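Chain and residue survey
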Amino acid sequence: MNYVGVLMPTLLQGAWVTVKLFAFTLILALPLGLPFALGSNSKFAPFRWISKTYIWIFRGTPLMLQLFFFYFYIPIVMDVRLDAFTTAVITFVLNYASYLAEIYRGGIESIDKGQYEAAQSLGLDRRQTMFGIILPQTVKRVLPSVSNEAITLIKDTALVSVLSVGELLKASRGAVNRDVNATAFVIAAIIYLIFTFLLTLLTGYLERHYSKYEGHEVQITSKRRRSSIWKLFCK
């Protein structure tokens, strides 16, 4: 226990770097994925091809390779020097935004086409239809997939140890190499499990929250249908 007490300050400092990388990535990637999702379905060809190419590149190459590209290649070619943590944030945001864009696109395409027709009959333009009707429904449908990406992200943060970013895995590996004792790895695994457990609780709550409203909408729709059938029968 005394040895664990010696390890904890270093591991908690690494865990804090992991949390910061996770938070920055999620906060920036969640909104960034939306314009690329809309661009993939855009009728404006240049925007559509730019969006599809971006998604294809970042989903089709390993995240670690992207880290090396932004950390080593970009400074050489463009003479732009960024610290390792900033480079990691930029790379993770661009990578995860591409996956989220595909998730959003799938959610948008899952909405029944009749909703677009109904909105058009009410005189709503494309922007009003998308942001007022389609996207609020999309949120409920993509939430499980987005939650899974968030849990994957907390584990993927360990990859930045290759850039010597002092996150949790880097801190634990340094302790193991120094003391020739694997206890730090065990503690790091427990901390990762705690992070994923908390994320699972949060995402589970959000899914139940939105499912409650979805069930309420289904119930209202069912009542309206029964009422319409009853009126038709009475006639």
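Bear in mind that the values here come from a model prediction, so they are computed numbers and not experimental data.

**Details of the UniProt feature "transmembrane region" (unreviewed entry) in the protein chain**
Here the UniProt-annotated "transmembrane region" (unreviewed entry) positions come out as residues 15-34, 54-74 and 182-206. Secondary structure across residues 54-74 comprises 90% helix and 0% strand; the distance between its end C-alpha atoms is 17 Å.

**Some remarks on the packing of helix α3 (residues 63-78) against helix α4 (residues 84-109)**
Relative orientation of the contacting elements α3 and α4 amounts to 130°, with a least axis distance of 9 Å. By the angle between their directions, the pair α3 and α4 is classed as oblique. Like other packed secondary-structure pairs, α3 and α4 cross with a definite hand, here right-handed. Each of Leu 63, Gln 66, Leu 67, Phe 70 and Tyr 71 in α3 lies in contact with α4, whose residues at this interface are Ala 84, Thr 87, Ala 88, Thr 91, Phe 92, Leu 94 and Asn 95. Each residue belonging to the contact of α3 with α4 can be placed in one class, and the counts come to 8 nonpolar, 4 polar and no charged.

**A word on the environment of Val 165**
Note on placement: Val 165 falls in the loop between α6 (126-156) and α7 (168-179). A residue is classified by how much of its surface remains accessible, and Val 165, at 5% relative accessible area, is buried. Distance in space between the C-alpha atoms of Val 165 and Gly 14 is 8.9 Å, their sequence separation being 151 residues.

**Remarks on the pattern of salt bridges**
Side chains bearing opposite charge may pair, as long as their charged atoms lie close to each other. In total, this model carries 4 salt bridges according to the counting rule given. The shortest N-O distance in the salt bridge between Arg 59 and Glu 102 comes to 3.8 Å. With a gap of 43 residues between them, Arg 59 in helix α2 (residues 45-60) and Glu 102 in helix α4 connect regions that are remote in the sequence. Sharing partners across several salt bridges, the network here consists of Arg 59, Glu 102, Arg 105 and Glu 109.

**Structural notes on empty space enclosed by the protein**
Counting across every chain of the model gives 1 cavity of 30 Å³ or more. Approximately 30 Å³ is the volume attributed to the largest cavity. Every residue along the wall of the largest cavity is listed here: Thr 25, Leu 26, Ala 29, Tyr 96, Leu 100, Val 146, Glu 149 and Leu 153. Breaking the lining of the largest cavity down by element, the ones donating at least two residues are α1 (2-40), α4 and α6. Looking at the lining of the largest cavity, its residues break down into 6 nonpolar, 1 polar and 1 charged.

**What to know about the packing of aromatic side chains**
Using the criterion set out here, one finds 9 aromatic pairs in the structure. Ring centres of Phe 36 and Tyr 54 lie 4.1 Å apart, and the angle between their planes is 25°; on these two criteria the pair is classed as stacked. Highlighted residues: Phe 36 in helix α1 and Tyr 54 in helix α2, separated in sequence by 18 residues. Residues Phe 36 and Tyr 54 agree in their burial class; the two are buried. Their ring planes at 10° and their centres at 6.3 Å tell us that Phe 92 and Tyr 96 sit as a pair that is stacked. Of this pair, Phe 92 and Tyr 96 both sit in helix α4, separated by 4 residues, roughly a single helical turn. Taking the relative accessible area as the measure of exposure, Phe 92 reaches 0% and is therefore buried. Residue Tyr 96 is classed as buried on the basis of its relative accessible area of 4%. One Lys or Arg, Lys 20, reaches over the ring of Phe 85 and ends 5.5 Å from the middle of that ring.

**As for α6**
Helix length check: α6 (31 residues) gives 37 Å between terminal C-alpha atoms against 45 Å at 1.5 Å per residue, more than 12% under. At Val 142, α6 shows its strongest bend, of approximately 50°, with the proline Pro 144 following within four residues. Capping the start of α6, Asp 125 holds a side-chain oxygen 3.2 Å from the backbone nitrogen of Arg 127, two or three residues further along.

So, how was this worked out
Residues numbered from 1 in each chain as written. Predicted model: local features only at pLDDT ≥ 70, side-chain atom pairs only at ≥ 80, totals over all residues. Heavy atoms only, no water. UniProt positions renumbered as here; feature names shortened; annotations may be inferred. Helix = DSSP H or I, 4+ residues; strand = E, 2+ residues; numbered from the N terminus. Axes fitted to C-alpha atoms, helices over the stretch in contact; angles between N-to-C directions. Parallel < 35°, antiparallel > 145°, perpendicular 65-115°, else oblique. Left-handed = near helix turned anticlockwise from the far one by under 90°. Contact = heavy atoms within 4.5 Å. Nonpolar A, V, L, I, M, F, W, Y, C, P; charged D, E, K, R; others polar. Buried < 20%, exposed > 50% of the residue type's maximum accessible area, 1.4 Å probe, protein only. Salt bridge = Lys/Arg side-chain N within 4 Å of Asp/Glu carboxyl O. 1 Å grid on protein atoms, 1.4 Å probe; cavity = no way out; pocket = protein on both sides within 12 Å on 5 of 7 lines; lining within 4 Å. Points joined across faces, edges and corners; volume = space filled by probe spheres on them. Phe/Tyr/Trp six-rings, centres within 6.5 Å; stacked < 30°, edge-to-face > 60°. Lys NZ or Arg CZ within 6 Å of the ring centre and 35° of its normal. Expected span 1.5 Å × (residues − 1). Bend = angle between axes of the 7 residues up to and from the residue. Polar contact = N/O pair within 3.5 Å; in protein donor to acceptor, adjacent residues only side chain to side chain.

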